[in-house]
Amino acid sequence: MTNSTILVTGGSGLVGQAIKAYTDENSQPGETWIFLSSKDGDLRVRGDTDKIFDKYQPTHVIHLAAKVGGLFANLSQKVEFYRENTLINDNIMENCRLHKVTKLVSMLSTCIFPDKTKYPIDETMLHDGPPHPSNEGYAYAKRLIDTMNRAYAEEYGCNFTSIIPTNIYGPHDNFSIQNGHVIPGLIHKCYIAKKEGTPFTIWGSGTPLRQFIYSLDLAELTVWVMREYHSPDPITLSVDESAEVPIKDVALAVAKAMKFEGEVVFDTTKADGQFKKTACNKKLRSYRPDYKFVSMEEGIQKSVDWFLANYETARK
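Values in this document were obtained by computation on a predicted structure and should not be read as measured data.

Reading the values: rules and limits
Here, residues in each chain are numbered from 1, in the same order as that chain's written sequence. Per-residue local features of the predicted model are confined to residues with pLDDT of at least 70, and side-chain atom pairs are confined, for both listing and counting, to 80 or more; whole-chain, interface and lining totals are unaffected and use all residues. Heavy atoms from the whole structure form the basis of all side-chain values; hydrogens and water molecules are not counted. Under this scheme, a helix contributes an axis fitted over its contacting stretch, all axes are lines through C-alpha atoms, and angles between N-to-C directions fall in the 0 to 180 degree range. Helix and strand labels come from DSSP, where a helix needs a run of H or I of at least four residues and a strand needs a run of E of at least two; each type is numbered from the N terminus. Any angle between 65 and 115 degrees counts as roughly perpendicular, while under 35 counts as roughly parallel, over 145 as roughly antiparallel, and the rest as oblique. If you view the pair so one helix is near and one far, a crossing is left-handed when the near helix is turned anticlockwise from the far one by less than a right angle, and right-handed when it is turned clockwise. Contact between two residues is taken to exist if any of their heavy atoms lie within 4.5 Å; hydrogens are not considered. Note on residue categories: nonpolar means Ala, Val, Leu, Ile, Met, Phe, Trp, Tyr, Cys or Pro, charged means Asp, Glu, Lys or Arg, and polar means any other residue, Gly included. By convention, a stacked pair of Phe, Tyr or Trp rings (six-membered ring in the case of Trp) has centres within 6.5 Å and planes under 30 degrees apart, an edge-to-face pair has planes over 60 apart, and any other such pair is tilted. The classification of residues rests on relative accessible area computed with a 1.4 Å probe and restricted to protein chains. Under 20% of the type maximum is buried, over 50% is exposed, and intermediate values are partly exposed. Should the NZ of a Lys or the CZ of an Arg lie within 6 Å of a ring centre and within 35 degrees of the ring normal, that charge is described as sitting over the ring. Here the rule is simple: two strands pair whenever DSSP picks up at least two bridges between them. The directions considered for the arc run from the helix axis to the C-beta atoms. To count toward a patch, a residue needs a relative accessible area above 30% and no salt bridge. Like charges then connect within 9 Å, nonpolar side chains (Val, Leu, Ile, Met, Phe, Trp, Tyr) within 5 Å. Residue exposure ignores everything except the shown protein chains as possible cover, and the areas themselves are Shrake-Rupley values with a 1.4 Å probe. Whenever Lys or Arg places a side-chain nitrogen within 4 Å of a carboxyl oxygen from Asp or Glu, that contact is recorded as a salt bridge. Any helix carries an expected span of 1.5 Å times its number of residues minus one.

A. How the structure looks around the packing of helix α6 (residues 182-196) against helix α8 (residues 247-257). It is the contact of α6 with α8, at a shortest axis distance of 10 Å, that shows an interaxial angle of 45°. In terms of orientation, α6 and α8 fall into the oblique class. Taken as a pair, α6 and α8 cross one another with a handedness that is right-handed. Contact with α6, carried on its side by Val182, Ile183, Leu186, Ile187 and Cys190, involves Ile247, Val250, Ala251, Val254 and Ala255 of α8 and no other residues of that element. Residues of the contact of α6 with α8, tallied by class, amount to 10 nonpolar, no polar and no charged.

Right, dumping it as structure tokens:
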């Protein structure tokens, strides 16, 4: 790349900070990386977004910013999740067109796929049926990114694409037990159990299967997509199907990384949720057959170490 300015929206979050850590070590000559946070402006507001694009004149955009929340928030605020995400995405995409941005990469999520589907899921199934009713506001707003990537390509020749990661974890995560995702929630829970000398209790049987991607791996692959993958069709960024693990193994890996010697309890009175959500990474492997993912054990150790070192300031 000759001189390029890459704007990362949602730059202060889990993935944004991972991209920052990766590009601090692996940026190419002539690349300037700008990481936005909510302090830089409100991306729901067209005027704020215009000012950001006018100020930085980006040549490339990695779009991570979104209104996100847990199950209860998604259930109770479908209008806000739909409207705010649609406004953010429209402001970003239209500014990318107007500023003749070379490449836009937006982040989707596996939770926007059809609720009733066959496994493993792949990129072609995104619009095959309605999403789970609990998060339909969020899911339809996100699905429209894929629709509009193709529309902008057809009508204006824009090079817009999207990535679909599986469950992400790593440094700078949200370690809230109530609202966080599986791994950060377990790390925080195990920390408290160790500190208070109580059992480490995991909700559910521990049998559901999930694929987890370490945030630094996702960062590296996202930057690769920006530089090398040029199709409006989305690409799933996930570990292999063989790396899918039961939650029980994740919990035990957290206990080991935390050096927790106490009792580990699975509370089977709590619901398990979906048994599996397997995603297929054949498309990624066709481009990157030899890419080596960080193992779950190593990734969890790094995440635990980061949490312990940054306990006071970590989101929790």
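B. Local environment of the packing of aromatic side chains. Within this structure, the stated rule accounts for 16 aromatic pairs. Ring centres of Trp33 and Phe35 lie 6.2 Å apart, and the angle between their planes is 15°; on these two criteria the pair is classed as stacked. Overall, Phe35 belongs to the partly exposed group, its relative accessible area being 21%. Members of the aromatic cluster, connected to one another through ring pairs, are Phe175, Tyr191, Trp306, Phe307 and Tyr311. Over the aromatic face of Phe81 sits the side chain of Lys67, whose NZ or CZ is 4.9 Å from the ring centroid. For the cation-ring pair, Arg97 lies above Tyr156, with the distance from its terminal atom to the ring centre recorded as 4.4 Å.

C. Representation of the sheet that holds strand β3 (residues 60-63) in the model. The strand order across the open sheet formed by 6 strands is β2-β1-β3-β4-β5-β10, and the pairing between neighbours is parallel. The open sheet has two edge strands, β2 (31-35) and β10 (235-237), and neither has a second partner. Taken over all neighbouring pairs, the strand axes of this sheet differ in orientation by 20° on average, direction set aside. Where strand β1 (residues 4-9) and β2 come together, 5 bridges link them in parallel fashion. Along β2, the bridge assignment pairs Val8 with Phe35. Along the sheet face, helix α2 (residues 46-56) touches β1, β2 and β3 and points at about 155° away from the line of β1. Its contacts with the sheet place helix α4 (residues 78-98) against β1, β3, β4 (103-107) and β5 (160-165), and it is angled at close to 170° to β3.

D. View of α2. Looking at α2, one finds that the buried residues are Thr49, Ile52 and Phe53. Along the axis of α2, the buried residues cluster in a sector spanning 95°; they form a single face. Across α2 from its buried face, at more than 90 degrees, point the exposed residues Lys51 and Lys55. Those residues of α2 that are buried lie in contact with β1, β3 and α4.

E. Geometry of a nonpolar patch on the surface. A surface patch of nonpolar side chains, about 320 Å² in accessible area, is lined by Tyr82, Tyr140, Leu144 and Met148. Among the elements that take part in the nonpolar patch, helix α5 (residues 136-156) stands out by supplying 3 residues, more than any other. Judged by relative accessible area, Leu144 falls into the partly exposed class, the value being 34%.

F. Fine view of α5. Compared with an ideal rise of 1.5 Å per residue, which puts 21 residues at 30 Å, α5 spans 29 Å between its outermost C-alpha atoms and is within 8% of the ideal. The set of residues buried in α5 consists of Gly137, Tyr138, Ala139, Ala141, Lys142, Arg143, Ile145, Asp146, Asn149 and Tyr152. On its buried side, α5 packs onto α3 (71-76), α4, β4 and β5. Gly157, located one to two residues past α5, shows a positive phi value of around 70°.

G. Region of interest: the pairing of β3. The alternating pattern of β3 places His60 and Ile62 on one face and Val61 and His63 on the opposite face, and all of these are buried. Sheet topology note: the β1/β3 ladder contains 4 bridges and is parallel. Counted as the bridge partner of Val8 is Ile62 from β3.

H. Expanded view of unusual backbone geometry. For the peptide bond that leads from Tyr119 to Pro120, omega is 0°, which places it in the cis range. Structurally, the position occupied by Pro120 is in the loop between β4 and α5. Backbone geometry at Gln57 places phi at a positive 45°, although glycine is not the residue there. Phi is positive for His172, which is not a glycine, with a value near 70°. Among the structural elements, His172 can be located in the loop between β6 (167-169) and α6.

In short, the description is geometric, and any link to function would need to be established separately.
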